[in-house]
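# Geometric and topological summary
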Amino acid sequence: MEFIDFKSQYQKYQEPIDRAISKVLTHGKFIMGPEVVELEDQLADFTGVCHCLTVASGTDSLEIALRALEIGPGDEVITVPFTWISTAEVIELVGAKTIFVDIDPKTFNMDMTQLEGAITSVTKAIIPVSLFGQIPNLEEANRIAALHDIAVIEDGAQSFGATRVGRRSGSLTTIGSTSFFPAKPFGCYGDGGALFTNDNQLGEKMRRIRTHGSERHHHHTTVGMNGRFDTVQAAILLAKWPFFMDELEKREVIGRRYSEFLDNICTVPRVDDKNSHVYGQYTIRVKNRNQVQRDLRDKGIPTAIYYPKCLHEQPVFSKLGYTLGDFPAAEAASREVLSLPIHPFLNEVDQDRVIKGLHSLLTTWSKIWHAFLLFKRLG
Ligand SMILES: *Cc1c(COP(=O)(O)O)cnc(C)c1O
């Protein structure tokens with residue numbers, strides 16, 4: 001069993017993908033070729049925004065967003081400590097200061113009730129993360145941000161295709177960002193990402209930053225970067241596009257099935273009523289996480305831990321001055337989370353192996369746990 005099965009995916013879509021790559025090799029427009037523009041139009045249409053621009057990665061996209069908002073030294077940007085390093089890395093990259101707020105233990109997303117308290121006179125943006133494929137309460141983030149005239153950037157690297165009150169991830173904030181890293185819900189065969197906005201000025205500025213800050217050829221008005229998305233990768237995504245909705249549906253079906261059978265033995269993902277979840281990861285919580293992971297591995301079931309350490313515990317962020325205990329919900333999550341295999345090609349036989357494997361382990365563990373609690377009570 002594979003944690004993510006790229007081989008089956010390629011086998012199934014091989015013909016259109018090979019054809020698309022070959023077309024690019026033939027026309028030779030490897031940088032900003034017609035496929036890049038076509039994909040951007042497609043994605044803008046899908047998410048319902050005015051401007052979509054593809055970029056070299058889901059990390060570059062966040063950096064470009066911050067730069068377009070002219071965020072830098074002296075500014076603060078608020079995000080969560082329970083996310084992939086990129087979310088906070090880019091804040092430091094542009095010279096701003098990272099401010100963390102804790103997560104809601106039920107959804108693993110930013111606890112919006114703590115947001116207001118973290119805002120200062122130098123706060124310039126908030127980056128909520130749609131972790132594991134579910135969008136946070138962005139209406140609340142937007143409401144608070146509007147009161148203070150600051151921008152909201154959704155880090156939707158794991159949630160492309162997800163919806164909140166019927167609107168797609170990427171379209172709900174000042175700027176939306178996503179990633180096409182192979183393991184993400186809409187993955188290419190290398191690095192890639194995209195930015196979304198309805199703001200004409202920001203859209204134009206982000207485009208400029210993506211291509212060396214140039215307004216036109218050999219005329220550079222801003223410090224930019226080489227942040228372009230490869231034409232070959234755009235062609236691959238276009239070839240995969242017709243299958244994407246079906247893939248999303250399959251992910252949701254598997255996620256629901258897991259939840260149905262695992263709900264009584266561990267904490268399964270809780271889906272907010274307003275959301276559709278794309279299960280970029282299907283993440284449960286268990287007390288004896290490391291042991292459970294080892295035991296599942298012995299049964300041939302691959303799992304992953306996202307994330308074993310919170311960002312405020314990472315050496316690179318020690319300078320921020322946070323200590324263990326500052327973000328109890330995030331810290332508890334990092335000790336208990338376990339992501340199960342989920343991809344559109346995971347058949348029911350393998351799903352059942354995961355479910356049965358967990359049942360055999362957790363039923364025993366919960367017996368031991370309850371015996372321990374009883375013992376403690378008895379003194
Ligand atoms: C994957 C990921 C990124 C970065 O995307 P890349 O394309 O790998 O640079 C950023 N934020 C989150 C939450 C991610 O999961």
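A brief structural summary. (Residues numbered from 1 in each chain as written. Predicted model: local features only at pLDDT ≥ 70, side-chain atom pairs only at ≥ 80, totals over all residues. Heavy atoms only, no water.)

Moving on: the side chain of threonine 107. Residue position: threonine 107 is located in the loop between strand 3 (97–100) and strand 4 (123–126). The exposure class assigned to threonine 107 is buried, which follows from its relative accessible area of 12%. Those residues in contact with threonine 107 that lie beyond four places of it in its chain are Gln134 and Arg270. (Helix = DSSP H or I, 4+ residues; strand = E, 2+ residues; numbered from the N terminus. Buried < 20%, exposed > 50% of the residue type's maximum accessible area, 1.4 Å probe, protein only. Contact = heavy atoms within 4.5 Å.)

Moving on: the nonpolar core. General note: in soluble globular proteins, nonpolar side chains tend to be found buried as a group. In terms of nonpolar packing, the biggest core is built from 80 residues, with Leu43, Ile78, Phe82, Tyr258, Leu262, Tyr282 and Leu358 touching the most fellow members. Excluding residues within four positions of it along the chain, isoleucine 78 makes contact with Ile99, Val101, Met110, Leu115, Ala118, Ile119, Thr123, Ala125, Ile126 and Ile127. One finds Leu53, Ile64, Leu66 and Ile153 within the second-largest nonpolar core, a separate group that totals 23 residues. (Core = buried A, V, L, I, M, F, W, Y, C linked by side-chain atoms within 4.5 Å.)

Taken together, Leu25, Phe30, Ile31 and Met32 make up a surface patch of nonpolar side chains, about 380 Å² in accessible area. Locating leucine 25 in the fold gives a position in helix 1 (residues 6–27). (Patch = residues over 30% accessible without salt bridge, like charges linked within 9 Å, V, L, I, M, F, W, Y side chains within 5 Å. Areas by Shrake-Rupley, 256 points an atom, 1.4 Å probe, with all protein chains shown as cover. Salt bridge = Lys/Arg side-chain N within 4 Å of Asp/Glu carboxyl O.)

Counted under the stated rule, the structure contains 19 salt bridges. With a shortest N-O distance of 2.9 Å, arginine 143 and glutamate 140 are connected by a salt bridge. Of this pair, arginine 143 and glutamate 140 both sit in helix 5 (residues 138–148), 3 residues apart, which is roughly one turn of the helix. Between arginine 353 and aspartate 350 there is a salt bridge, and its shortest N-O distance comes to 3.6 Å. In this pair, arginine 353 and aspartate 350 both sit in helix 10 (residues 348–378), 3 residues apart, roughly one turn of the helix. Among the residues examined, arginine 353 registers a relative accessible area of 35% and is labelled partly exposed.

Next up on the list: the packing of aromatic side chains. Scanning the entire structure with this criterion turns up 27 aromatic pairs. Ring geometry for phenylalanine 180 versus phenylalanine 229: centroids 5.7 Å apart, planes at 45°, classification tilted. Separated by 49 residues along the polypeptide, phenylalanine 180 in the loop between strand 8 (175–179) and strand 9 (193–197) and phenylalanine 229 in the loop between strand 11 (219–220) and helix 7 (231–262) bring together distant segments of the chain. We note that phenylalanine 180, like phenylalanine 229, is buried. (Phe/Tyr/Trp six-rings, centres within 6.5 Å; stacked < 30°, edge-to-face > 60°.)

In this section: the packing of helix 3 (residues 58–68) against helix 6 (residues 200–210). Two packed helices can be described by the angle between their axes and the distance between those axes. The geometry of helix 3 relative to helix 6 is characterised by a closest axis approach of 9 Å and an angle of 120° between their N-to-C directions. Here helix 3 lies oblique to helix 6, going by the angle between them. As for how helix 3 packs across helix 6, the hand of that crossing is right-handed. Residue-level inspection shows Ile64, Ala65, Arg67 and Ala68 of helix 3 in contact with helix 6, the latter providing Leu202, Lys205, Met206, Ile209 and Arg210. (Axes fitted to C-alpha atoms, helices over the stretch in contact; angles between N-to-C directions. Parallel < 35°, antiparallel > 145°, perpendicular 65-115°, else oblique. Left-handed = near helix turned anticlockwise from the far one by under 90°.)

A few words now on the site of the ligand. The full set close to the ligand counts 16 residues, and Gly58, Thr59, Asp155, Ser179 and Lys184 are the nearest of them. A distance of 2.7 Å separates an oxygen atom of the ligand from a polar atom in the backbone of glycine 58. A distance of 2.7 Å separates an oxygen atom of the ligand from a polar side-chain atom of glutamine 158. Summarising the interface, the protein chains cover 93% of the accessible area of the ligand, which totals 380 Å² for the free molecule. Structurally, the ligand is housed in the largest pocket. Of all the secondary structure elements, the ones that give two or more residues to the shell around the ligand are helix 3 and helix 4 (86–93). Along the lines of polarity and charge, the residues of the shell around the ligand split into 5 nonpolar, 9 polar and 2 charged. (Near = heavy atom within 4 Å. Polar contact = N/O pair within 3.5 Å; in protein donor to acceptor, adjacent residues only side chain to side chain. 1 Å grid on protein atoms, 1.4 Å probe; cavity = no way out; pocket = protein on both sides within 12 Å on 5 of 7 lines; lining within 4 Å. Sits in = over half its atoms within 2 Å of the grid points. Nonpolar A, V, L, I, M, F, W, Y, C, P; charged D, E, K, R; others polar.)

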